[in-house]
Amino acid sequence: MSVSTFALTPSSALLPAAPHSTLAPVTPSLPLSTSPLPSSFSSSSLLHSIEEKSLHARRSGALQTIPTRCQLIKDTNAPSDERGKPLLFPVRIKTEGGVYNKPDVLSDNLRKRDPFVPPYEEDLFVEWDFSVGPAHSPRSKHVLVLNKYNVLPNHALIVTTDFQPQTDPLNERDFEVFWRSVDNVRGFGFYNCGANAGPSQPHKHMQVVPLPLEDGTELPLLRVLDEQTSRHADHGAPFTLPQFPFNHAVCRLPKHLCEADSQMIGRDLAEMYRRLLAAIHKSTGENEQELQTNGHHNVLLSPRWMLVVPRTREGMDGLSGNGLVFAGVFFTKDQQLCNKLADIGPINFLTRITS
């Protein structure tokens, strides 16, 4: 493997999220909202709302960006892109200092509080479930909030308003708001289902990242997915990519989703999700019922495709990862772990945590 390094500073706010503690907010320390917040959301303004709220939250101190530097790893086992160029995998390495001061061990009182139920921290709150119309309508089942301990810029979380376990698969209502969010921010989303998939909170939450990243960092496996799925003619049917040696199933999304109402989107995506899980069952021999109820897996979603990857382990040799590693971006706590990942190879790491 070969590596190159460049630095990112906390003040740039252009940093992607860290492996464990940064993918979901923890107990807020600033004033909380005790009543429903007004929503002025329209689909065209979601990205702007996230950007404006992120700017405000950085200034107030509510958003505590993790300081990192980025090292690029070239993996000789990785596929090349359409231009024949080798893929470079960005590894975010946590640095000292900055605003990050999340305690390693929470007190018993903090442990008992679920950070994903109301009241929400006002400076991190973005929107109620916008897929159902008026703010906080009777059908609202989700809320959109900023990731408090973020590294990826404008990283947002879609959280169920009542407690649902992170071991539950996604349902139709989840997919309604998940796809609308991903489509409107022109990015991608991911869901970490089950302990092996790398979730940081037991309360069900999906995650959304706008693209392109403001610092210009490419997410290499997303590029392969975009290139390869665009060539696949059969919309909604599961298939695998020869460029990905790890266990997975992917499908191209039909174009009609852009015009469909939310309930139809949720229904269609939930059905494609079930097909992808069934395809994984056939290829791995895993118990199909187990996989479709509480099996460990990651879901990646873009406006054009859906990817499902089974997880047999959360990590290995001190390295770990959630759904973001299947976009091609990794996080390590120190340089030593980054070097270990370079020795193992990112693609080999993905293969070993899925088989």
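Note that this is a predicted model, so its numbers are computed, not measured.

Chemist: Break down the overall build of the protein chain for me, citing the residues and quoting the values.
Modeler: Across its full length, the protein chain holds eight helices and 14 strands. Counting every position in the protein chain, which comprises 355 residues, the buried fraction comes to 57%. The contacts of the protein chain with a sequence gap of at least 6 include a subset with a gap of at least 24, amounting to 73%. Counting only carbon and sulfur atoms, one obtains 50% of the accessible surface of the protein chain, whose full area is about 14,400 Å².

Chemist: Could you give me a rundown of the environment of Arg173, with the residues and numbers involved?
Modeler: Tracing the backbone through its elements, the reader meets Arg173 in helix H3 (residues 172-185). Arg173 gets classed as buried once you look at its relative accessible area, which sits at 15%. Between the C-alpha atoms of Arg173 and Arg267, which are 94 residues apart in sequence, the distance is 8.3 Å. Of the polar contacts made by the side chain of Arg173, one reaches the side chain of Glu176; its length is 2.8 Å.

Chemist: I'd love a proper account of the layout of surface pockets, names of residues and values included.
Modeler: Quantified by volume, the second largest pocket comes out at close to 240 Å³. Forming the walls of the second largest pocket are 17 residues, and the residues nearest its centre are Leu211, Pro212, Leu219, Leu222 and Asp226. Where the lining of the second largest pocket is concerned, the elements lending two or more residues are strand S7 (187-193) and helix H4 (220-229). Element by element, the count of residues in the lining of the second largest pocket is highest for H4, at three residues. For the lining of the second largest pocket, the class distribution of residues is eight nonpolar, four polar and five charged.

Chemist: Tell me about the pattern of salt bridges, and name the residues and values.
Modeler: Per the stated rule, a full pass over the model turns up nine salt bridges. Note that Lys148 and Glu121 form a salt bridge whose closest N and O atoms lie 3.5 Å from each other. One end of the pair, Lys148, is in the loop between strand S5 (142-146) and strand S6 (156-160); the other, Glu121, is in the loop between helix H2 (108-112) and strand S4 (125-128), with 27 residues separating them in the sequence. Taken individually, Lys148 and Glu121 each receive the classification buried, so the pair is uniform in this respect. Residue Lys204 pairs with Asp174 through a salt bridge whose shortest N-O separation is 2.5 Å. Here the residue Lys204 occupies a position in the loop between S7 and strand S8 (205-210), and Asp174 occupies one in helix H3, the gap between them amounting to 30 residues. For Asp174, a relative accessible area of 1% gives the class buried. The network of salt bridges with shared partners includes Glu271, Arg274 and Arg275.

Chemist: Explain the nonpolar core to me, using residue names and the numbers behind them.
Modeler: In this structure, Phe326, Phe349 and Leu350 are the most contacted members of the largest nonpolar core, which totals 43 residues. Considering every element that reaches this core, the biggest residue donor is helix H7 (residues 335-344), with five residues. If near-sequence neighbours (up to four positions away) are discounted, Phe349 is found in contact with Gly315, Met316, Leu319, Ser320, Phe330, Leu341 and Ile344. Counting residues in each nonpolar core, the second largest holds 40 residues, with Leu146, Val208, Ala270 and Leu301 among its members.

Chemist: Talk me through the packing of aromatic side chains; I want residue IDs and the actual numbers.
Modeler: Taken as a whole, this structure holds nine aromatic pairs when the rule is applied. Between the aromatic rings of Phe175 and Tyr273, the centroid separation amounts to 5.3 Å while the plane-to-plane angle is 70 degrees, which identifies the pairing as edge-to-face. Taken together, the positions of Phe175 in helix H3 and Tyr273 in helix H5 (residues 262-284) put the pair 98 residues apart, joining distant regions of the chain. No difference in accessibility class separates Phe175 from Tyr273, as the two residues are buried. Among the aromatic residues, ring-to-ring pairing joins Phe89, Phe330 and Phe349 into one connected group.

Chemist: Just give me the short version of H3, but keep the residues and values in it.
Modeler: When the terminal C-alpha atoms of H3 are compared, their 20 Å separation across 14 residues agrees well with the 20 Å that a helix rising 1.5 Å per residue should span. The element H3 is largely enclosed, with a buried count of 12 among its 14 residues. Inspection of H3 places Arg173, Asp174, Phe175, Glu176, Val177, Phe178, Trp179, Arg180, Ser181, Val182, Asn184 and Val185 among the buried residues, and these make up the whole buried set. At the exit of H3 stands Arg186, carrying a positive phi of roughly 55 degrees.

Chemist: Describe the confidence of the model for the protein chain, listing the residues and the values that go with them.
Modeler: Here the protein chain averages 80 in pLDDT, and 77% of its residues register 70 or above. Here strand S1 (residues 2-7) stands out as the element of the protein chain with the lowest mean pLDDT, 40, in contrast to strand S10 (residues 297-301), whose mean of 98 is the highest. Scored below 50 in pLDDT, residues 2-43 shows 143 contacts in the model against residues more than four places distant or in partner chains. Across residues 98-111, where pLDDT falls below 50, the model places 18 contacts with residues more than four positions away in sequence or in other chains.

Chemist: Which residues make up the side chain of Asn322, and what values do they have?
Modeler: The residue Asn322 is located in the loop between strand S13 (319-320) and strand S14 (330-332) in this model. At 2.9 Å, the side chain of Asn322 and the backbone nitrogen of Leu324 are in polar contact.

What counts as what
- Residues numbered from 1 in each chain as written.
- Predicted model: local features only at pLDDT ≥ 70, side-chain atom pairs only at ≥ 80, totals over all residues.
- Heavy atoms only, no water.
- Helix = DSSP H or I, 4+ residues; strand = E, 2+ residues; numbered from the N terminus.
- Buried < 20%, exposed > 50% of the residue type's maximum accessible area, 1.4 Å probe, protein only.
- Contact = heavy atoms within 4.5 Å.
- Areas by Shrake-Rupley, 256 points an atom, 1.4 Å probe, with all protein chains shown as cover.
- Polar contact = N/O pair within 3.5 Å; in protein donor to acceptor, adjacent residues only side chain to side chain.
- 1 Å grid on protein atoms, 1.4 Å probe; cavity = no way out; pocket = protein on both sides within 12 Å on 5 of 7 lines; lining within 4 Å.
- Points joined across faces, edges and corners; volume = space filled by probe spheres on them.
- Nonpolar A, V, L, I, M, F, W, Y, C, P; charged D, E, K, R; others polar.
- Salt bridge = Lys/Arg side-chain N within 4 Å of Asp/Glu carboxyl O.
- Core = buried A, V, L, I, M, F, W, Y, C linked by side-chain atoms within 4.5 Å.
- Phe/Tyr/Trp six-rings, centres within 6.5 Å; stacked < 30°, edge-to-face > 60°.
- Expected span 1.5 Å × (residues − 1).
- pLDDT = per-residue confidence, 0-100.

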